[in-house]
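What follows is the residue order along each chain.
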Amino acid sequence: MKIQEIAIGTIRIPLVTPFRTALRTVDSINDLIVKITADDGSVGFGEAPPTAVITGDTKESIEAAIRGYLAPAVVGLDLSDLDEIMRRMEKAIAKNTSAKAAMDIALYDLYAKMLGKPLYRVLAKDAEERSNDACTQSASCTGAELETDITISVDETEKMVSDSLRAVADGFGILKVKVGKGGEKDVERVRAIRQAVGPDVILRVDANQGWTKEEAIATIRAMEDAGLGIELVEQPVSYHDFHGLQSVTKAVDTPILADESVFSYEDAQRIIEEHAADLINIKLMKTGGIHQALRICDLADKYQVKCMVGCMLESKVSVSAGVHLAAARSCITMADLDGPSLCAEDPYEGGPVYRGPKIFLNEESGIGITRMPVEFACVARAK
């Protein structure tokens, strides 16, 4: 099976409510979609959100990277040699991880279709993980279903409490609470949410780089002293403040999850070997797709480090790729894959089914997306 044509388009999906973090406010998903067609007519889809504040990638830079470098590097190649395709993409252009992720996801979708299997079975590490119960997570995945948290955007305390209660009423048992706007205020927010939802709901706190090292230590210790029962704190300090992250991890009892500090295998290796964080958040838009994410999973397996698979503000295409990855690898014990749940509508057909906190894996080949309301323009075609 050879790559015959590569095309791109865009999709816009409004959010149920504005998405607010310490870094940005967004009211809709506005993403680039990649469509790769093989010479037998099979199609694979990928997606990339422009998240300049985190990845540095804009819609214009993503499109330019695909149109000018990535698509020409791989069009016409035989899909059976996926490693060589990924090597050529990596060589074609530095960084641009979102563009690489969109291409990578579409290629893996097509590759799994060539094998006639759902993607999570293709990604499983060994024969045991490819059994009928291929979903191997120890904490958040049973059989062929996955449980995700849902994001509570940073806002005034009363609004965050109201949003949390609504999420719990919708069946969510894990809340990812965005903070990072102020130490004492953040403690107040989380305390109010804990009092409102009770002791049985799992609370994860995400500062999105919003604190200094000193603020992070003081704020996390205050949450610990208040007995708020926080499962983890995600990216408390700036992504480049490695020593600050390391200091926070050593100073508090709550597990620290590295997110923006981990884009690559090398980042993950340093974080793990120097114990700068306890946990790793793998996002396909940071790693450049599934291929490099699998390398981080292998590293996590080696050091017995637990991972989360997360997402940016993405729709069902790329989030579903993350779902398949989470279902395939046992080091991934947490899922922050609520992108489709934040959307006001689902314009796609096929793929995993999202029902509140539960995500049910598809058994159709590939990622499973079969239709989308996107107009595509060809950027590369085999001669």
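In this numbering scheme, every chain counts its residues from 1 along its sequence in written order. Only residues with pLDDT of 70 or above have their local features reported here, since the model is predicted, and side-chain atom pairs are shown and tallied only from 80 upward, although totals for entire chains, interfaces and linings are computed over all residues. To obtain the side-chain values, all non-hydrogen atoms of the structure were included, while hydrogens and water were left out.

A. Examining the pairing of strand β3 (residues 43-48) more closely. Each residue's exposure class comes from its accessible area (1.4 Å probe, protein chains only) as a fraction of the maximum for that residue type: buried when under 20%, exposed when over 50%, partly exposed otherwise. For helices the rule is a DSSP run of H or I covering at least 4 residues; for strands it is a run of E covering at least 2, with both sets numbered from the N terminus onward. For β3, the tally of buried residues reaches six of six residues, placing the bulk of the element in the interior. Side chains Val43, Phe45 and Glu47 project from β3 onto one buried face, and the interleaved Gly44, Gly46 and Ala48 project onto a second face that is buried too. In this analysis, strands are considered paired if DSSP registers two or more bridges between them. Examined bridge by bridge, strand β2 (residues 25-38) and β3 share six bridges and lie antiparallel to one another. Note that in β3 the partner of Thr37 across the bridge is Val43. The antiparallel pairing of β2 with β3 creates a hairpin that spans four residues between the two strands, and Gly41 there sits at a positive phi of about 95°.

B. Fine view of the environment of Leu228. Relative to the elements of secondary structure, Leu228 occurs in the loop between α7 (213-225) and β9 (230-234). Considering only alpha carbons, one finds Leu228 and Val190, 38 residues apart in sequence, at a separation of 7.6 Å. Once residues within four sequence positions are removed from consideration, Leu228 is found in contact with Val187, Val190, Arg191, Arg194 and Met223. Contacts are assigned to residue pairs with any non-hydrogen atoms lying within 4.5 Å of each other.

C. Region of the structure containing the pairing of strand β1 (residues 3-20). Where β1 lies against β2, 13 bridges are found, and the strand directions are antiparallel. Paired with Ile8 across the two strands is Val34, which belongs to β2. Judged from the four bridges that link them, β1 and strand β18 (residues 377-381) form a sheet pairing that is antiparallel. Residue Ile8 lies in a different strand from β18, and its bridge partner there is Ala377.

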